[in-house]
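Structural description and commentary
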Amino acid sequence: MAKLWAVIKREYIERVRTKWFIIATVFGPLLFAALMIVPAWLTIKTKSAADLSSTVILDATNTGLGAKVSESLRGFGSGPERVPDVRVVAPSALTEAESLATAEVMRKQRSGYLVLDQQTVAGESARYAGRHASSLTAMEAVEDAVEKTVLAYRFEAEGISAEKARELTAGRLRFRTERITDEGRGGSGAISAFFGLGIAFLLYMSIILYGQNILRGVIEEKTTRVAEVVVSSVRPETLLAGKVLGVGAVGLTQQLVWVATVVAFLTYRVQIFNVFGIPAPPFVMPGVSPGDGLLLLLFFVLGFVFYAALFAAVGAMVNSDQEAQQAAQPVMLMLIAAAIFIQPVTFNPTGGLATTMSWLPFSSPIIMPLRLTIINVPTTELIGSLIVLLLSCLLVVWLAARIYRVGLLMYGKRPTLRELGHWIRYA
Amino acid sequence: MPEPAVEIRNVVKRFAAHTAVRDLSLVVPRGTVYGLLGPNGAGKTTTIRMILNVIAPDSGTITILGQDSTSDSILDRVGYLPEERGLYRKMKVRSILRFLAELKGMSRRQADPLIDEWLERLSLKTPDKDWGAAKVDELSRGMQQKVQFIAALLHDPELVILDEPFSGLDPVNSQALQDTIVELRRRGKTVIFSTHLMDSAERMCDAVCIIANGDKVLDGALADVKAENAGRTVAVALDGAPSSEIDRIFADKSLVERVDDSNRFFEVELQPGADAQELLRAIVGSGARVKRFELVQPSLHQIFLERVGAKGVEPGISGHG
């Protein structure tokens, strides 16, 4: 036991000390924060950047609609007092006015033009042409201004005052979804899907990163020939176990740091967003019960052991990183296959695909936690899937230990499948 | 009589294509320096790995210091320097030694002072520079070999097994290693080392075992081995030029197989079964004056060539003895 502990300690400390680990652990949350803050910040930035005041409104409606649209676009310019110019044109002269405006835009005198005609009054269409055509925020602002003005105009035509019209059109429907589980109502549906995706992705990344880390560790022990000294003191099985547990603990440490930072970030998001002068987006923390948390941990640990043992066995079979790339492909394929189904399962977490993938040991460590956070998985299915995973883990670890024991001291040609069979039988 | 340091009984190890060790039995007495000799591919490393339970024999038993080699903590009392040597490249020297000591059941507190002692003894720690704080990467090859050597001896093992310890060592380190082996023996430890360098084995070993092609060719105390293989070569020196009578005696095929003639000094190889006394009588009878007549003790090198040469090295076998 003391020796196992020594191996775990070495694997853990040597990895946690590396620059790579520190950078990834610290920058992971920073990246997450940046992903949240930068888009919000950019949205605000682009809103003020798209100067709509140099747009010209070609008003062919004969109703003064252009002036009202222009007024509601106040603020989308370089100064609060600037509004887009309005040219009132006769419907027959519209084509000519448009080609004139196009020329002006090309000469950079104008940034674009907005055409309002009879179809606009009818609530059917309006047109914008110009430099801001692909700016989503600018176009949304223009569309919003036209839509509201037309609506107000049509209300007025029905004899409703401008004041009343604004009041009537101001309402904006918000659609909210909420989950109900056995424990009661818990968090929003969309957010738990988002959370589930996050968890699945995190598991997938950890298994890939740290599984390959184990692979490289085993190859290092082989190529530097330090393996022989180590296995003359501990059994190869102990070395394998220590490696998997030590590296697994590194992955878990990193995840805990990440999750803790993300939770802290979301808890204090209002204050953090304030620093950047951005209103915090609405967000409800997903409720994860301790039981769910334990299940997530269990799936992660078993999934990690499953893949880590396979990666270690691959490492023992090969002699260089290049060879390892090739030999690890079957293992990687299983992982990638599991990852490919993350999205379809998110959309249909109760379907046949989702259920099947939750039973198979190579995909259940990723798919099951995902479903667990989105829906209520039946207990029988949950326990069954865990048992299948656990048994597969035992089998894989047993096989890997035998391959590892023989492979660790074998140099030269990579074994064929038949030779691998020999290794397993005679180890 | 304490139980032997190592006792191997009828051990067999087969790999897919060939038999690496064939029904090997040998006994290494305690407190001796024991040489495991043989050409490349003879099965030396396989034997050593089986002693250390790194690989399991297909059949047979191995006992170390009176206990089964697979029993749990017996390897804590054994130190091992493998032929292919290496260390974790990115680790600090002190941490790696501490780790390897922990694997031998030592606590950190026990190991740390010993590590410093050893680093100083092998001049890896001087007032100017402490290589213990350096990463393995930064060390020269010679220094790395010293670190590996410390790792094998740090836990003061009763049995030390060195696989081709002299290969790749410069003369200075080679001498240091030899001194250490002698010192270990003086302190009552048992040292087993494998080599194909017969002169270092001859200088240092109390007992040897020669294996070739997985078979034991001979084993026993060095003196016995030499005595058993002596008796066929006679060194003869005469006073004055040899007469034609002497030539006739040396040409007698019933007595002499071969003669190295250096005019006044002859190295005579007797026919198997021929008696050296008869040769002496014949020479004296010829009237020649004998200055020297000596049954030559063959060198280990000669014994090795004679006993193994015929069997040779199995063609196509490479890698680790």
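Since this is a predicted model, take the numbers as computed values, not measurements. (Residues numbered from 1 in each chain as written. Chains lettered and ligands numbered in written order. Predicted model: local features only at pLDDT ≥ 70, side-chain atom pairs only at ≥ 80, totals over all residues. Heavy atoms only, no water.)

1. Some remarks on the overall build of chain B
The cut-off we apply is this: Helix and strand definitions follow DSSP, with helices as H or I runs of at least four residues and strands as E runs of at least two, each counted in order from the N terminus. Contact definition: two residues touch when any of their heavy atoms are within 4.5 Å. To measure how exposed things are, a 1.4 Å probe is used in the Shrake-Rupley method; for residues, cover is taken only from the protein chains shown. Counting rule applied: Lys, Arg positive; Asp, Glu negative; His and chain ends not counted. Where a charge lies is defined by one atom per residue type: Lys uses NZ, Arg uses CZ, Asp uses CG and Glu uses CD.
Within chain B, the secondary structure is distributed over 10 helices and 14 strands. Projected onto the principal axes, the alpha-carbon positions of chain B cover approximately 80 × 50 × 45 Å. Restricting the contact set of chain B to residue pairs at least 6 apart, pairs at least 24 apart contribute 69%. In the structure as shown, chain B presents an accessible area of about 14,900 Å², 47% of it carried by carbon and sulfur atoms. If you average the places of the 41 positive and of the 46 negative side-chain charges in chain B, the two averages end up 5 Å apart.

2. Examining the pattern of salt bridges
All names here are of chain A. Selection criterion: Here a salt bridge means any side-chain nitrogen of Lys or Arg lying within 4 Å of a carboxyl oxygen belonging to Asp or Glu. Exposure classes here rest on a 1.4 Å probe applied to the protein chains alone. A residue is buried below 20% of its type maximum, exposed above 50%, and partly exposed in between.
Under the criterion given, the structure shown has 38 salt bridges over all chains. Here Glu-11 makes a salt bridge to Arg-10, at a shortest N to O gap of 3.4 Å. Assigned by exposure class, Glu-11 and Arg-10 land together as buried. Several salt bridges share partner residues, and in doing so they unite Arg-10, Glu-11, Arg-15, Glu-221 and Lys-243 into one network.

3. Some remarks on the pairing of strand 10 (residues 215–221) of chain B
All names here are of chain B. The test is simple: Any two strands with at least two DSSP-identified bridges between them are counted as paired.
Here strand 9 (residues 207–212) pairs with strand 10 via 6 bridges, running antiparallel. Residue pairing in the sheet places Val-208 in a bridge with Gly-220 of strand 10. The hairpin formed by strand 9 and strand 10 contains 2 residues between the paired strands, and Asn-213 there has a positive phi angle of roughly 55°.

4. Quick word on the packing of aromatic side chains
Residues and elements named next belong to chain A. Heads up, the rule is: Pairing of aromatic side chains requires ring centres within 6.5 Å, counting the rings of Phe and Tyr and the six-membered ring of Trp. Pairs whose planes differ by under 30 degrees are stacked, by over 60 edge-to-face, and all others tilted.
As enumerated under the stated definition, the model contains 6 aromatic pairs over all chains in all. Seen in terms of ring centroids, Trp-20 and Tyr-210 are 6.4 Å apart; in terms of plane orientation they differ by 70°. Their pairing is edge-to-face. Of the two residues, Trp-20 is situated in helix 2 (residues 19–49) and Tyr-210 in helix 8 (residues 189–223); the sequence distance between them amounts to 190 residues. Classification of Trp-20 as partly exposed rests on a relative accessible area of 45%. Using a relative accessible area of 1% as the deciding quantity, one classes Tyr-210 as buried.

5. Details of a positive patch on the surface
We count it as follows: Patches here are clusters of residues that have more than 30% relative accessible area and form no salt bridge, with a 9 Å joining cutoff for like charges and a 5 Å cutoff for nonpolar side chains (Val, Leu, Ile, Met, Phe, Trp, Tyr).
Where like charges cluster on the molecular surface, the positive patch consists of A:Arg17, A:Lys19, B:Lys92 and B:Lys135. With respect to the helices, strands and loops of the structure, B:Lys135 is situated in the loop between helix 3 (108–121) and helix 4 (141–153).

6. Side note on helix 4 (residues 94–106) of chain A
All names here are of chain A. Let me state the cut-off plainly: By this rule the span expected of a helix is its residue count minus one, scaled by 1.5 Å. Here the arc refers to the directions that run from the helix axis out to each C-beta atom.
Its 13 residues place the ends of helix 4 18 Å apart at the C-alpha level, agreeing with the 18 Å of an ideal helix rising 1.5 Å per residue. Along helix 4, the residues that are buried comprise Leu-94, Ala-97, Glu-98, Ala-101, Glu-104 and Val-105. Projected down its long axis, helix 4 shows its buried positions confined to an angular sector of 120°, all on one face. Pointing more than 90 degrees away from the buried face of helix 4 are the exposed residues Thr-95, Glu-96 and Met-106. The inward-facing, buried residues of helix 4 abut strand 1 (55–59), strand 2 (85–88), strand 3 (112–116) and strand 4 (127–130).

7. Some words on the interface of chain A and chain B
Cut-off, in case you're wondering: Buried surface area refers to the total accessible area, computed with a probe of radius 1.4 Å, that the two partners give up upon joining, counted for both partners together. Within 3.5 Å is the distance limit for a polar contact, defined as a pair of N or O atoms, with the added protein rule that one can donate a hydrogen and the other accept it, and that residues adjacent in sequence qualify only through two side-chain atoms. Each residue gets one of three labels, nonpolar for Ala, Val, Leu, Ile, Met, Phe, Trp, Tyr, Cys and Pro, charged for Asp, Glu, Lys and Arg, and polar for the others, Gly among them.
Contacts between chain A and chain B engage 23 residues on the former and 27 residues on the latter. Summed over both partners, the interface of chain A with chain B buries about 2,500 Å², with 54% contributed by carbon and sulfur atoms. At the boundary of chain A and chain B, one finds 3 salt bridges. Notably, a salt bridge pairs B:Arg49 with A:Glu228, separated by 2.8 Å at the nearest N-O pair. Taken together, chain A and chain B are joined by 11 residue pairs in polar contact (both at pLDDT 80 or more). At the level of secondary structure, the elements contributing two or more residues to the side of chain A that touches chain B comprise helix 1 (2–16), helix 8 and helix 9 (226–231) of chain A. If one sorts the elements of the side of chain A that touches chain B by residue count, helix 1 of chain A sits on top with 6 residues. Grouping the constituent residues of the side of chain A that touches chain B by class yields 9 nonpolar, 4 polar and 10 charged.

8. Observations concerning the environment of B:Gly132
With respect to the secondary-structure elements, B:Gly132 resides in the loop between helix 3 and helix 4. Excluding its chain neighbours within four sequence positions, the residues that come into contact with B:Gly132 are B:Lys92, B:Val93, B:Arg94, B:Leu119 and B:Leu124.

9. Some thoughts on the sheet that holds strand 5 (residues 67–68) of chain B
Backbone hydrogen bonds hold the strands of a sheet together, and the pairing may be parallel or antiparallel. Residues and elements named next belong to chain B. Note the following rule: Lines fitted to C-alpha atoms define the axes, with helix axes restricted to the stretch in contact, and inter-axis angles between N-to-C directions lie between 0 and 180 degrees.
As summarised here, the arrangement of the 4 strands in space is 2-1-4-5, forming an open sheet in which the pairing is antiparallel. In this open sheet, the two edge strands, each paired with only one partner strand, are strand 2 (19–28) and strand 5. With 5 bridges joining them, strand 1 (residues 6–14) and strand 4 (residues 59–64) adopt antiparallel strand pairing. Looking at the pairing, Ile-8 lines up with Ile-62 of strand 4. Relative to the sheet, helix 1 (residues 44–51) contacts strand 1, strand 2 and strand 4, its axis offset from that of strand 1 by approximately 120°.

10. A few points about the domain arrangement of chain A
We apply this condition: For the purposes of this description, domain bounds are those given by an automatic or database domain assignment.
Examined at the domain level, chain A breaks down into domain 1 (2–38 + 179–426) and domain 2 (50–170). On a C-alpha basis, the centroid separation for the pair domain 1 of chain A and domain 2 of chain A is 55 Å.

11. Regarding the domain arrangement of chain B
Assigned domains of chain B: these are domain 1 (1–65 + 158–229 + 299–321) and domain 2 (231–296). For domain 1 of chain B and domain 2 of chain B, the distance between their C-alpha centroids amounts to 37 Å.

12. Some details on the sheet that holds strand 4 of chain A
Residues and elements named next belong to chain A. Strand order in the open sheet made by the 4 strands is 2-1-3-4, with mixed pairing throughout. Here the strands that pair on one side only, and so sit at the sheet edges, are strand 2 and strand 4. Between one strand and the next, the sheet's axes are offset by a mean angle of 20°, whatever the strand orientation. In this sheet, strand 4 lies alongside strand 3 in antiparallel orientation, the contact comprising 4 bridges. Residue pairing across strands places Leu-114 opposite Tyr-128, the latter belonging to strand 4.

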